[in-house]
Protein chains: 2
Amino acid sequence: MRVRLDLAYDGAGFSGWAPQPGRRTVAGVLGGALSTVLRATEPVVVVDGCRQRVAPRRLVVAGRTDAGVHARGQVAHLDVPVEQLDRLRTRDGASGPPVLLRRLAGILPDDIVVHAARTAPPGFDARFSPLSRRYAYRVCDGRHDPLTRSFVLWHRGGLNVAAMAEAARGLVGLHDFAAYAKARPEATTVRTLLRFDWQRPDDGPDAGLVVAQVEADAFCHSMVRSLVGACLSVGEGRRDPGWPTQVLASRCRAAAVAPAHGLTLEQVVYPPDDRLAVRAGQTRARRDPIPPQ
Amino acid sequence: MRVRLDLAYDGAGFSGWAPQPGRRTVAGVLGGALSTVLRATEPVVVVDGCRQRVAPRRLVVAGRTDAGVHARGQVAHLDVPVEQLDRLRTRDGASGPPVLLRRLAGILPDDIVVHAARTAPPGFDARFSPLSRRYAYRVCDGRHDPLTRSFVLWHRGGLNVAAMAEAARGLVGLHDFAAYAKARPEATTVRTLLRFDWQRPDDGPDAGLVVAQVEADAFCHSMVRSLVGACLSVGEGRRDPGWPTQVLASRCRAAAVAPAHGLTLEQVVYPPDDRLAVRAGQTRARRDPIPPQ
């Protein structure tokens, strides 16, 4: 049975999402916790004379965040034999994913919070079903607040937010984002940037900050931070608002990558349940690179 | 010359404000940084054959925060010989406190930010001149956000904010807060609690949290956290809204002290400049305990 997990984490203490030997990663810590919770429900098998249980759980995630990047609306899935979930029971009669959620809360460190665990609808795939991912990038160019410094980039000197917003508008749409991606052989860098805006909110949780909202069907490696880096150059007055679009057209990397700690994965948008499988199939089919224009 | 400093810090990395041997404290780190900046302007003196400069600066502060307590609106002062301030100069013609501010920014760690440094008006005393101090205490009883966990208390289960607000109202006014203070021989525990309310803001930076605003002429040691602890018992339904007032009248400690990391000194209010010296004189005069009623 497939279980969907909704989670949040402070990226500061992690070498990113993906498991790496000898490093503390989100998938490593969460996978280990899932193994601990589920192991209790697994039969012990004897291999080469040793009693052992099944290996750590393989997690599939919507956004493979880099080292230092945070998440408030991350989504992952894992497949668990139904009889294992059924064996998760409490005295008050609860069973299955709600018990999994409760047990995880008891053992996870306080820089990861799993907000929800539920049986995924048919066809759900955390990685391939999403319609889009939305990230926020937060910058403070005024009075620095040490309490929020772990997720807000401090910038010396005021930023021209109108110029940054103008620069961002030029990048929205279907493009080859090779100039804003770390090269990976054989991987396409064509993406649809659905939203990219910069604002200085007067109210709400980000009041007074300079905040980018960046949404796309999917992102290339380090793409959001490269887009943000280009706009920061514009906001500082070192580049014209048209420069990021010129960089895009050149397909050559030119913009600095903004620091990881200002970036947070805020939301992953999935289609209605009856479109999950179709969407996953569409995404899996390799995107064709668009020809030079 | 007296210099007023306005500052903010993340209390997590400090054993409180007050200097303590072998511990990292706000006054220790800030005093050391001030010494470094000002030392360059001091003549070297030879004592017992050793070249040395003047000792670390003595800082006087508005709110001596405990270990783990944060500040966004802390105020301190220090006295500096005028010729030392005059010797702080930059090539672009700036001098005095603005240069002090710039130099401090260059050497302070990122968990302390000095927002302003200026010549204090006559009669100003960071500790004795304030009309009031205002603290905020932040609690999350819903969806836990790991990004703000360093300054928000996580609470399991929903809190009854209306009951907490009712409880808090009964404590406002001039009282002997012995039941909500760590005993100190010879020190009065009579204070005027000017404001104590609990809200669940719909909007603004604290949207969705449960937040106390606590303001008094001055606070006894651990008083805010004791008041908060009493109200949390009410919010959980373990005590009636009238209980904190009964505790107050008993003058015996009964409420748990809430954890430090939810507490932030938000603001110190000073009178107009022409009232600073009079106010300081009034505060210095020992408060008389009020007789049993």
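This section reports on the structure supplied with the text.

Cut-offs used in this document
Each chain carries its own residue numbering, running from 1 in the direction its sequence is written. The order in which chains are written sets their letters, starting at A; the order in which ligands are written sets their numbers, starting at 1. Residues qualify for local features only when their pLDDT is at least 70, as the model is predicted, and side-chain atom pairs are given and counted only at 80 or more; totals for whole chains, interfaces and linings, by contrast, use all residues. Side-chain numbers here rest on the full set of heavy atoms in the structure, without hydrogens or water. Between N-to-C directions, angles cover 0 to 180 degrees, with each direction set by a line fitted to C-alpha atoms, over the stretch in contact for helices. Counting from the N terminus, the helices are DSSP H or I runs at least four residues long and the strands are E runs at least two residues long. Roughly parallel means an angle under 35 degrees; roughly antiparallel, over 145; roughly perpendicular, 65 to 115; everything else is oblique. In this scheme, a crossing is called left-handed if the near helix is turned counterclockwise away from the far one by less than a right angle; it is called right-handed if the turn is clockwise. Two residues form a contact once any of their heavy atoms are found within 4.5 Å. By the convention adopted, Pro, Cys, Tyr, Trp, Phe, Met, Ile, Leu, Val and Ala count as nonpolar, Lys, Arg, Asp and Glu as charged, and the other residues, Gly among them, as polar. In summary, the pairing rule links any two rings of Phe, Tyr or Trp, Trp by its six-membered ring, whose centres are within 6.5 Å, and it sorts them by plane angle into stacked for under 30 degrees, edge-to-face for over 60 and tilted for everything else. Classification of residues uses two cut-offs on accessible area relative to the type maximum, computed with a 1.4 Å probe and protein chains only: under 20% is buried, over 50% is exposed, and between them is partly exposed. Here, a charge over a ring is recorded when the distance from Lys NZ or Arg CZ to the ring centre is within 6 Å and its angle to the ring normal is within 35 degrees. Patches in this entry comprise residues that are over 30% relatively accessible and not in a salt bridge; like charges within 9 Å are linked, as are nonpolar side chains (Val, Leu, Ile, Met, Phe, Trp, Tyr) within 5 Å. For the accessible areas, the method is Shrake-Rupley and the probe is 1.4 Å, while residue cover comes only from the protein chains on display. Note on definitions: salt bridges are taken to be side-chain nitrogens of Lys or Arg within 4 Å of carboxyl oxygens of Asp or Glu. Two residue types count as positive, namely Lys and Arg, and two as negative, namely Asp and Glu; His and chain ends fall outside the count. To locate a charge, the coordinates of NZ of Lys, CZ of Arg, CG of Asp or CD of Glu are taken. Of all possible arcs, the one meant is that of the directions from the helix axis to the C-beta atoms.

### Describing the packing of helix 4 (residues 161-169) of chain B against helix 5 (residues 223-235) of chain B
Residues and elements named next belong to chain B.
Now for step 1: Where helix 4 contacts helix 5, the axes come no closer than 8 Å and their chain directions differ by 140°. If you check the angle between helix 4 and helix 5, you find them oblique. Here the hand of the crossing between helix 4 and helix 5 comes out right-handed. Together, Ala 163, Met 164, Ala 167 and Ala 168 of helix 4 and Cys 231, Leu 232, Val 234 and Gly 235 of helix 5 make up the contact between the two elements.
Now for step 2: For the contact of helix 4 with helix 5, the residue count by class is seven nonpolar, one polar and no charged.

### Here's the deal with the packing of aromatic side chains
Now for step 1: In this structure the tally under the stated criterion is 10 aromatic pairs over all chains.
Now for step 2: Centroid distance Phe 124 of chain A to Tyr 270 of chain A: 4.9 Å. Interplanar angle 45°. Geometry classified as tilted. With Phe 124 of chain A in the loop between strand 6 (112-119) and strand 7 (132-140) and Tyr 270 of chain A in the loop between strand 12 (263-269) and helix 7 (276-284), this pair connects stretches of sequence that are 146 residues apart. Accessibility classification places Phe 124 of chain A together with Tyr 270 of chain A in one group, the buried group.
Now for step 3: On the numbers, 6.3 Å between centres and 75° between planes, the contact of Tyr 9 of chain B with Phe 14 of chain B is edge-to-face. Assigned by exposure class, Tyr 9 of chain B and Phe 14 of chain B land together as buried.
Now for step 4: Ring-pair connections join several aromatic residues into one group, and the members of that group are Tyr 9, Phe 14 and Trp 17 of chain A.
Now for step 5: A cation sits over an aromatic face here: Arg 72 of chain A above Phe 151 of chain A, 5.5 Å from the ring centre.

### As for a negative patch on the surface
Now for step 1: On the surface, Asp 202 and Asp 203 of chain A together with Asp 202 and Asp 203 of chain B cluster together into a negatively charged patch.
Now for step 2: With respect to the helices and strands, the residue Asp 203 of chain A is situated in the loop between strand 10 (190-199) and strand 11 (210-216).

### Some words on helix 7 (residues 276-284) of chain B
Now for step 1: Among the residues of helix 7 of chain B, those classed as buried are Leu 276, Arg 279, Ala 280 and Thr 283 of chain B. Viewed along the axis of helix 7 of chain B, the buried residues span an arc of 100°, placing them on a single side of the element.

Limitation: the analysis is restricted to geometry and does not speak to function.
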